[in-house]
Amino acid sequence: MLPTLRQLQYLKLLAEHGSFSRAAEAAHVSQPALSSGVQELEKILGGPVVERTRGQVQLTPIGQEAVRRAEDVLARAEDLVEAARNAGRPLSGRFRLGVIPTVAPFLLPARLPGLQATHPALRLFIREDLTSRLVAELKVGRLDAVVIALPYATSGLEHAVIGDDEILAVAPEGHPLAAPGALPVGALSADDLILLEDGHCLRDQALAALDLEAPRGEDVFAATSLPTLVQMIGAGLGVSFLPAMAIKAGLADRPGVVVRSLAEPGRPGPRREIVVAWRAGSSRAEEARLLARALRLD
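Structurally, Thr102 can be placed in the loop between strand 3 (93–99) and helix 5 (104–118). For Thr102, a relative accessible area of 4% corresponds to the buried category.

Okay, here's the thing in structure tokens:
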């Protein structure tokens, strides 16, 4: 015998909610029905998937492995349903798109109106979050595609390039980095950097491209967003990096803030590659490619 999709869904919900009652509510079934489904799954797998203690449910090693595989099976089943419903009608119906916060506010307002005009039957649901969480959601089927920046580990994913985005330096007036001409030696110092919080891929990509160490210590500033970062730079607290798409959108257009390229003669400045990524083998891969074409950078 093989597990049913319903049984796998019960187990997945149980892992997410940690409670038979809350999992049953999420599945829109009675608690005895969900419990019975989990028990049948345990018979098929030949061992317990959960440890039942008062007020708490904990997955066994068998249950943890079953959940990991169930997420993939359920994601592919959902792909199948969406593909069947929208057969012959690309980019129609529900499409769940994740976008990183250093791209979303600069790319989407310019591209979504045209996308909706070209595909009026598309119901696009946007999730803005850090790359690691978006990729995790994509792999378990909660998202259909994500817009992220490379380099980033993308095992199990395929992608289509939207375009390159240069990473530029931003400094307060009067700082050596803000001076015209060749980049002064020591103008970029780790002790002088203000960066986004850990988890933002732009932070890691800029540091890696320039071979810089992240500043350390208890008094290190970290910004939660790019607008906050620009405000801190304008206040003279340090220097940092912004993507070119944010500069074009006018994010650094404020008094006391200077933007300059980090390119050197014969050598381009640091860049990141913006892509649309999807699960390898996803039935919505062609739609993701169409989406990438619609979102291409100028």
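Take unusual backbone geometry next. Across the junction of Leu150 and Pro151, the peptide omega takes the value 15°, indicating a cis bond. Unlike most non-glycine residues, His28 shows phi in positive territory, near 60°. Of note, His28 is situated in the loop between helix 2 (20–27) and helix 3 (31–45). His28 sits in the exposed class, given a relative accessible area of 72%.

Below, the discussion takes up the layout of surface pockets. The space that makes up the largest pocket amounts to roughly 450 Å³. In this structure, the largest pocket is lined by 21 residues; those nearest its centre are Gln9, Leu74, Ala75, Ala77 and Glu78. Elements represented by at least two residues in the lining of the largest pocket include exactly helix 1 (5–17), helix 2, helix 4 (61–85) and strand 3. By residue class, the composition of the lining of the largest pocket is nine nonpolar, three polar and nine charged.

Let's shift gears to the pairing of strand 4 (residues 122–128). Where strand 3 meets strand 4, seven bridges bridge the pair, whose relative direction is parallel. When the bridges of strand 4 are listed, Arg96 appears paired with Phe125. For the handedness criterion, the β-α-β arrangement of strand 3, helix 5 and strand 4 is classed as right-handed.

Grouped together as the largest cluster of nonpolar side chains are 69 residues, with contacts concentrated most on Val147, Phe241 and Val276. Core analysis: the second largest hydrophobic core is formed by 20 residues, Phe20, Ala23, Val38 and Leu59 among them.

Turning our eyes to something else, we now look at the pattern of salt bridges. Across all of its chains, the model carries 16 salt bridges by this definition. For Arg142, the salt bridge is made with Glu137, and the minimal N-O distance between the two is 2.8 Å. The exposure class assigned to Arg142 is partly exposed, which follows from its relative accessible area of 30%. For Glu137, a relative accessible area of 16% corresponds to the buried category. Of the charged contacts, one joins Asp165 and Arg272 as a salt bridge, the two residues approaching to 3.0 Å between their closest N and O atoms. Of this pair, Asp165 sits in strand 6 (residues 157–172) while Arg272 is found in strand 11 (residues 271–279), placing the two residues 107 residues apart along the sequence. Side by side, Asp165 and Arg272 carry an identical accessibility label, which is buried. Bridged by salt links that share partners, the residues Lys12, Glu16, Arg127, Asp129, Arg133, Glu137 and Arg142 form one connected network.

Within the fold, Thr131 resides in helix 6 (residues 131–139). Ignoring anything within four residues of it in the chain, the contact list for Thr131 reads Ile100, Ile148, Tyr152 and Cys201.

Next up on the list: the packing of helix 2 against helix 3. Interaxial distance between helix 2 and helix 3 falls to 8 Å at its minimum, and their mutual angle equals 100°. Taken as axis vectors, helix 2 and helix 3 run roughly perpendicular relative to one another. For the pair formed by helix 2 and helix 3, the contact residues are Phe20, Ser21, Ala23, Ala24 and Ala27 on the first element and Gln31, Leu34, Ser35 and Val38 on the second. Residue composition of the contact of helix 2 with helix 3, by class: six nonpolar, three polar and no charged.

Here we come to the environment of Pro180. By the element assignment, Pro180 lies in the loop between strand 6 and strand 7 (195–196). The spatial distance from the C-alpha of Pro180 to the C-alpha of Arg260 is 8.4 Å, given a sequence separation of 80 residues.

Parameters and conventions
Residues numbered from 1 in each chain as written. Predicted model: local features only at pLDDT ≥ 70, side-chain atom pairs only at ≥ 80, totals over all residues. Heavy atoms only, no water. Helix = DSSP H or I, 4+ residues; strand = E, 2+ residues; numbered from the N terminus. Buried < 20%, exposed > 50% of the residue type's maximum accessible area, 1.4 Å probe, protein only. 1 Å grid on protein atoms, 1.4 Å probe; cavity = no way out; pocket = protein on both sides within 12 Å on 5 of 7 lines; lining within 4 Å. Points joined across faces, edges and corners; volume = space filled by probe spheres on them. Nonpolar A, V, L, I, M, F, W, Y, C, P; charged D, E, K, R; others polar. Pairing = 2+ DSSP bridges. Right-handed = clockwise from strand over helix to strand, strands pointing away. Core = buried A, V, L, I, M, F, W, Y, C linked by side-chain atoms within 4.5 Å. Salt bridge = Lys/Arg side-chain N within 4 Å of Asp/Glu carboxyl O. Contact = heavy atoms within 4.5 Å. Axes fitted to C-alpha atoms, helices over the stretch in contact; angles between N-to-C directions. Parallel < 35°, antiparallel > 145°, perpendicular 65-115°, else oblique.

Any functional reading would require information that these geometric values do not contain.
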